[in-house]
Structures are given as C-alpha cells and as structure tokens.
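# A look at the structure
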Amino acid sequence: MKQIKHILLFIILIVTFNCCNSQKDIIKLESLLDEMVSVEELSRFPDPYYTCHQESSYDRRSVSPGNPGWFANDDGFGIIRTDSVEGRIEKVMFDETGPGVITRIWITTIDKRGTWRFYFDGSSIPGWTIPAYDLMKINIPGLGLGMLQPHTSYEPEGKGGNTLFLPIPYAKGCKITFEDEVGVNPTPKYYGINYRKYSQNTKIETFSAEVVKRAEKKIAEVDNLLLNPTLSRNGKTVADSRVLAASDSLIIQLPEGENAIYEVKFNVNTKDSIHFDQLMREIIFSAEFDGKQTIWVPLSDFSAGGMGAPYVKSWYLNSDGKGNITSRWLMPYQHNGTLKLINISDSPLDVKLEANVSPLPWDERSLYFHSSWRQETGIPVHIHSEPDKCADWNFSTIEGRGVYKGDLLSLFNHAPRWYGEGDEKIWVDNDTFPSHFGTGTEDYYNSSWAPVVPFHTPFGGAPRADLASSHGYNAFFRTRNLDGIPFKEKMKFDIEMIGWQNGYSDYATTTYWYGDYNSRAIGTSGVEEAKRKLVPTPENPVNYKIANSIEFEELKASDKSASLRLEKQDASDSWDGKWSRAAHLLCRDGKVGDYVEFEFDNLKESKYEVILYATQSFDYGIINFRINNKLSPITFDGYNRNVKHSKPLNLGIFTSTNSKIKLRVEITGANKLSQGARYMFGLDCIQIISK
C-alpha cells in the first residue's frame, strides 16, 4: 500500500510540474505562461536557476550609500547610453546578453510620441516595434487587462503609463530602445524592466511575431485566468468556527504527510462596526509547518488590505472589506501543519477558519510559505532637496534561501502631502549595488504620478486611499509572479523616505515569500505593535466649504481668451489655509490682456456685494476684475513666495443687469519677483450677497 502511495505521489509530481523546465528542456513563451498560473511551480526554488534584476531610469547620480547623490531624484532621464542607428538617435533602456526573460515592463511619461524598438539576439533589425511610449499599443492578440494594465492616470493621448506582465524570452540577448519623435522636445521617460538572467547553457526560444501568433490562444486563456482565479485543486476541507474570548485561539490541525494548503478562507463576524478596523488588526493569523512558525501577521494586513481591512481583489488574495478573506497562497509542508487565529483584542470575536488541503510531493526544490510583518511609527519623511536629511528605511530583511513573492505597504501619512517619492532598493545575496533600484514608491506598485486612488489588478493595487492629498490612511500592495526574486543567502529591501513635504509617517509592511525551514525574516514586530491603537481618520478637506459660496472649479466660463487654459486643481493638502471644497480653478498659459468671464444669472434686480477668494503662488500674475463692465477698485497681486489662500477680496457693490452678474478677470501684469510662467492665477470661490 505504501509503495502504491509513493507511485501516485510521483505521478502527481509529474503532472503538477509539467510547466517546469530542466536544463535540457527549452523555455518557451507557452511554458512561461503556464508557470504564471501554476501556484505549485511559483512556490518552488527555480530550476534552471536564474537571478532576478531590474533596469530602470533611476537617477544615475546614485552610486553608493553615504555618498552624495544616493537620494538623487531626477528619475526620468536615466538610460544606459544612446545609439545612432541609420540616422536615428535611440535611447538604450535595456541591453542584456545571454539567455533571459523580461517578466515586467513598467513605464510612464507626459508625452508618448516616439517609437519603442526591441532587438533580439544581436540582430540589427527590430523584432518588435511599438509606435509610442505606450504599451497599450503593443497589439498582441489575446492580451487583456490580466497582463497589461493602464495606470489610473493613463490618458491615451496625454500623460500616464502602463505595466506589461507578458513574458518576453530571448536566447542570446535583448536590447530595448526608444526614439523621440522628430521635432518633439524630449520629456522624462520613466521605466522599470524586471528580468531573469539564466546561465549560458539554458535553452530559450526567442520572442517573435510567429511565437506570439502560435501562443495566441494560451495568452488569452492565461489573461482571463489571472482576472478570474479558481481553486487549482479541490482537496480535503478542514474547518472550525467559534466565538473566541480575549486571548483565546482557534486552532486547526492539518492532515499529516506531504501536502499543501491550496486555499484558506477567513470569516470574522463582528457587529461592532465602529471598532472593525481595530479588531481586524487584533486578530493574528499564525501558521506552523513541520514544527516551525512561518506566518505571524495581523489578519487585516495578511489580507493585503492593511489598516482597516478594506476590499482587495487579486490573483492571490481577496477580501470583501467586511471580514471575509480568501488566500490562494500555496502552503506546502512535509509532515504536519497547524493554522491559528489568535484573538489579542479585549473583545470576544466570532470567527471561522477553513483550509483546502491536497497531497503534494516534497523534494529538494520545495519551500515553506512565509509571511512576516513589521511596523514602525514616526518615521521621518523629507523632501528630496534636503538629501543630507533623507534616509532609507528597512522594509524587510530575510536570511536564508528562498524566493521573494510580494508585499503590502500599509501606512498613515501624518503630512498633508504625497509621501511616496522614495525609490525601492533591493539587495540580493552578494550585491555591491542594489539589483533592483526603482524610481518611486507608486512606480514599484505598478502605478504612476502619485495616485491617491484605490485600484485592483491580479498583481496587486491600492486597497486604501482615503484622501486625495494622501494625508491619512493609504495602502499599496504588490505580488510577484514571474518577477519573483530568488535568493540563496539573504535579501534586503530598503525604501527611501522622501515626500513632497517634511513630516513623518507610520509604516506597516507585510511580506510574502517562500523559504527553507531555517530561513527567517529579521526585525519583525509582535503583539505590542499589533495592539497599537489606530490613529483617527483625519477630516476630509473636501467637506470644508466657505458659506454661501459658488465654486469656480465647478463653473463653465461664458467666454475666455483662446490661449488661456482652465483646469480644476486639487488643494486638499491645504497648503497654507483652506480652499472651499479643497480645490480651485487654475488659469494657465495666459499673457497680459488675456481674460476669462463668468455669468451668474437668475438673480433679482438688486444690489449685490461681491466677495472673491483666490490663490497666491510664486508663479502667479496680477489680475483685475470687471463686474457688468464696471472696473472694480481691487487689483490683486497673485504673487507669494509660497502657495497660500488669499484673504477675502471685496470687489464692491454692484447692481444686477437683466437678472445677471457678469464677472471678467483679466491679467494685467506680474510682480517682479514672480517666477516661471508668471501669469497664472487661481480662483477659489465667489460670494454674491444681496444688499
């Protein structure tokens, strides 16, 4: 009977890992696509072995820690070199020799005009061309939002970027270049390219149009599966539920033998919605495999939502934001395992835990699933123009052999402006310079342009973004698929603490990784930090409104100069005061004599006092006001060294004409101290008060 069992396990091993390649097998686009949706293969130490790297547009003044330039932030112009090709000037962004696979391409810019070219295996003829700095134009049949995602800021003809996860294999090498369109002034081109580097004897089939056509059906299937994950193997279900008293635990013993958890479901049923955020933080998910604890994380953070346990939808993790969580991380073990939910709160909690377990053979490539958690409060954040004050914060450090698979950054930003200007720096094994050096926190998390918008993709997203200014609670989440990072001895992940305004943040990081029995995370946090009371959510500045006012940013101009551009601009960081509804109307690209007009109708025939609120800044001009063609005695100098809200401008008392008040704002000049554009101006709101 025992012999039959071993034969069956051997058969399962062959079937389960049919996407795996030994040194004599050839790595193809199809086998890489199979690997993308094989939770079994993605949990194992790679064979053939590869190292994972990243090429990016980071500021090349960053050379080594402690030296000037380490926190340099001009990240949109870093390239390897420029090549002259048949009269074209091509910026070389990636140039690798030997067998490899590109596993992720992240890009963004403010002007997409130009041409991408991919050269394979030393050829002087591009094997793939994209007619813009825009991967949405890659034109590969079957490719959808599972493997190609526009960022939340993406505009097809404007700024914004996208991230591609379709693997691009090459046998002998790959060079990627970009050529700016002739006559177009170059703009910053931000990029991050993750890739695998294999040994020279690894056999790989190079990416080509023919290969893509052959794999068209599989591309579509994998893309769809990434968007709609299913349980890959339906095994035995073990479950338990009960009301946990304070300090009590719910414990599930797993079936003995060589097995793996394919799915874990959590349910926390609490009627105390007021304290839901804190209670989800004070339920700890813990797991031991073969006598070794490999998981200890607050459930809110293990769910990839972070503080508040919000909604999450991804390939590995789902949460409905109401206490129901599903994990599809594969958790193998060789002999035995135990799952626990630990209530460290002071309240009883009604919980349920359910695991789906199937046999899975264990061999020399097998690894344990680990999830570790670290929290620190009051971390200083500095602007990049003060490099002597900037610092790296250790996101995670792991010792031993394993594969890094992703992370959650859950935070409270105490400053009222963007906190995430800092780059990630990942050191693997014997790196003398980070093998992964990024261009910004949001860029690492597959977005761009400081988005404070919740979004969800198979590979992570932003589960929480409370305020448009980024003040308060935020969360970014990323899982690594083919771009997982193998390490043989150690891995260190640092992130720069750089923002748009000096201040401080509270960071909590959850990491997901596979490792050997003795692999371990360093500097993790415990019960004391998990029980730390969450900071109250700050008031939303959008709720603030100047009484009886009309918002300029919500009005349509009745007339304006052709060159003058009008746009709503967020002011929720409340620079030096409060803007009504946390926004104003920015009027830009103007010159002396340019104007904008607004009409306010349905008024009684009466006299009205007109009070206007405006914005001042270092590049603003001087404006005057006419109401019903009558010049107001008020002239407003919009210049100020810092951005600030103006005092109320009483334009005077005017009589309505034909039930209307007509306002004309005209640029008359600029303060001699005004800089840059010099003639911009900002209008917040207006009060029209009957006398």
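## Topic: the overall build of the protein
- Across its full length, the protein carries 8 helices and 49 strands.
- In terms of overall dimensions, the protein is globule-like: its C-alpha atoms have a radius of gyration of 29 Å, near the 26 Å expected for 691 residues.
- Each principal axis of the C-alpha distribution contributes one length, and for the protein these read about 100 × 75 × 50 Å.
- By the burial criterion, 58% of the 691 residues in the protein qualify as buried.
- Residue pairs in contact within the protein that sit at least 24 positions apart in sequence constitute 78% of those at least 6 positions apart.
- Summed over all atoms, the accessible surface of the protein reaches about 28,100 Å², with 50% contributed by carbon and sulfur.

## Considerations on the sheet that holds strand E39 (residues 559-560)
- Strand order in the open sheet formed by 5 strands is E39-E42-E48-E44-E45, with antiparallel pairing between adjacent strands. Of all the strands in the sheet, just E39 and strand E45 (630-637) have a single pairing partner and so form its edges.
- One ladder, built from 6 bridges, connects strand E44 (residues 622-627) with strand E48 (residues 661-669); its direction is antiparallel. Paired with Ile 623 across the strands is Ile 667, a residue of E48.

## Observations concerning the confidence of the model for the protein
- Counting all residues, the mean pLDDT for the protein is 94, and 96% of those residues have values of 70 or more.
- Counting interchain partners and residues more than four positions distant, the pLDDT-below-50 stretch residues 1-23 has 35 contacts.

## A word on the pairing of strand E25 (residues 368-383)
- Sheet topology note: the E25/strand E36 (residues 503-515) ladder contains 12 bridges and is antiparallel. Residue Ile 379 lies in a different strand from E36, and its bridge partner there is Ser 505.

## Re the side chain of Arg 365
- Inspection of the secondary structure puts Arg 365 in the loop between strand E24 (349-359) and E25.
- Judged by its relative accessible area of 9%, Arg 365 falls in the buried class.
- Reaching out from Arg 365, the side chain makes a polar contact with the side chain of Glu 41 at a distance of 2.6 Å.

## Considering the sheet that holds strand E29 (residues 436-437)
- The strand order across the open sheet formed by 5 strands is E29-E28-E34-E26-E37, and the pairing between neighbours is antiparallel. Looking at the sheet topology across the chains shown, the edges are occupied by E29 and strand E37 (520-522).
- The pairing of strand E28 (residues 424-428) with E29 spans 2 bridges and is antiparallel. Within the sheet, the bridge partner assigned to Lys 425 lies in E29 and is Phe 437.

## Observations concerning the layout of surface pockets
- Volume-wise, the largest pocket comes out at about 1,600 Å³.
- Around the largest pocket sit 48 residues that line it, and Lys 159, Arg 417, Trp 449, Ala 450 and Trp 500 are the ones nearest its centre.
- Contributions of two or more residues to the lining of the largest pocket are made by strand E5 (100-109), helix H7 (441-444), strand E40 (565-570) and strand E41 (583-588).
- Top contributing element to the lining of the largest pocket by residue count: E40, with 4 residues.
- Here the residues of the lining of the largest pocket sort into 17 nonpolar, 17 polar and 14 charged.

## What to know about the packing of aromatic side chains
- Counting across every chain of the model gives 43 aromatic pairs.
- Ring centres of Tyr 58 and Phe 433 lie 5.9 Å apart, and the angle between their planes is 35 degrees; on these two criteria the pair is classed as tilted. With Tyr 58 in the loop between strand E2 (50-56) and strand E3 (81-85) and Phe 433 in the loop between E28 and E29, this pair connects stretches of sequence that are 375 residues apart.
- Look at Tyr 58 and you get buried, because its relative accessible area is 14%.
- Seen in terms of ring centroids, Trp 315 and Tyr 316 are 6.5 Å apart; in terms of plane orientation they differ by 70 degrees. Their pairing is edge-to-face.
- Owing to a relative accessible area of 2%, Tyr 316 belongs among the buried residues under this scheme.
- Taken together, the ring pairs connect Phe 266, Phe 285, Phe 302, Trp 315, Tyr 316, Trp 329, Phe 369, Phe 477, Tyr 512 and Tyr 514 into an aromatic cluster.
- In this structure, Lys 488 packs its charged tip against the face of Tyr 49, placed 4.3 Å from the ring centre.

## Comments concerning helix H2 (residues 29-36)
- The buried fraction of H2 amounts to 7 of the 8 residues, a majority that puts the element mostly inside the structure.
- Considered for burial, the residues of H2 that qualify are Leu 29, Glu 30, Ser 31, Leu 32, Leu 33, Glu 35 and Met 36.

## A word on unusual backbone geometry
- Residues Asp 47 and Pro 48 are joined by a peptide bond in cis, for which omega reads 5 degrees.
- In this structure, Pro 48 sits in the loop between H2 and E2.
- Even without being a glycine, Ser 247 presents a positive backbone phi close to 70 degrees.
- Along the polypeptide, Ser 247 turns up in the loop between strand E14 (236-244) and strand E15 (249-253).
- Here Asn 446, not a glycine, exhibits a phi torsion of approximately 65 degrees, which is positive.
- Position of Asn 446 relative to the elements: it lies in the loop between H7 and strand E30 (455-457).

## Here's the deal with helix H4 (residues 216-227)
- Taking 1.5 Å per residue, 12 residues should reach 16 Å; H4 reaches 17 Å between its end C-alpha atoms and fits that length.
- Burial in H4 covers these residues: Ile 219, Val 222, Asp 223 and Leu 226. Considered in projection along H4, the buried side chains sweep an arc of 100 degrees and stay on one side of the axis.
- Residues of H4 that are buried in the fold lie against H2 and helix H3 (209-214).

## As for the pattern of salt bridges
- In total, this model carries 46 salt bridges according to the counting rule given.
- One salt bridge in this structure joins Arg 60 and Glu 55, with 3.2 Å as the shortest N-O distance.
- Among the residues examined, Arg 60 registers a relative accessible area of 30% and is labelled partly exposed.
- Residue Asp 83 is joined to Arg 81 by a salt bridge in which the shortest nitrogen-to-oxygen separation is 2.9 Å.
- Where salt bridges share partners, they join Glu 86, Arg 88, Glu 90, Arg 117 and Glu 179 into one cluster.

The rules behind these values
- Residues numbered from 1 in each chain as written.
- Predicted model: local features only at pLDDT ≥ 70, side-chain atom pairs only at ≥ 80, totals over all residues.
- Heavy atoms only, no water.
- Helix = DSSP H or I, 4+ residues; strand = E, 2+ residues; numbered from the N terminus.
- Rg over C-alpha atoms; globule rule 2.2 N^0.38 Å.
- Buried < 20%, exposed > 50% of the residue type's maximum accessible area, 1.4 Å probe, protein only.
- Contact = heavy atoms within 4.5 Å.
- Areas by Shrake-Rupley, 256 points an atom, 1.4 Å probe, with all protein chains shown as cover.
- Pairing = 2+ DSSP bridges.
- pLDDT = per-residue confidence, 0-100.
- Polar contact = N/O pair within 3.5 Å; in protein donor to acceptor, adjacent residues only side chain to side chain.
- 1 Å grid on protein atoms, 1.4 Å probe; cavity = no way out; pocket = protein on both sides within 12 Å on 5 of 7 lines; lining within 4 Å.
- Points joined across faces, edges and corners; volume = space filled by probe spheres on them.
- Nonpolar A, V, L, I, M, F, W, Y, C, P; charged D, E, K, R; others polar.
- Phe/Tyr/Trp six-rings, centres within 6.5 Å; stacked < 30°, edge-to-face > 60°.
- Lys NZ or Arg CZ within 6 Å of the ring centre and 35° of its normal.
- Expected span 1.5 Å × (residues − 1).
- Arc of directions from axis to C-beta.
- Salt bridge = Lys/Arg side-chain N within 4 Å of Asp/Glu carboxyl O.

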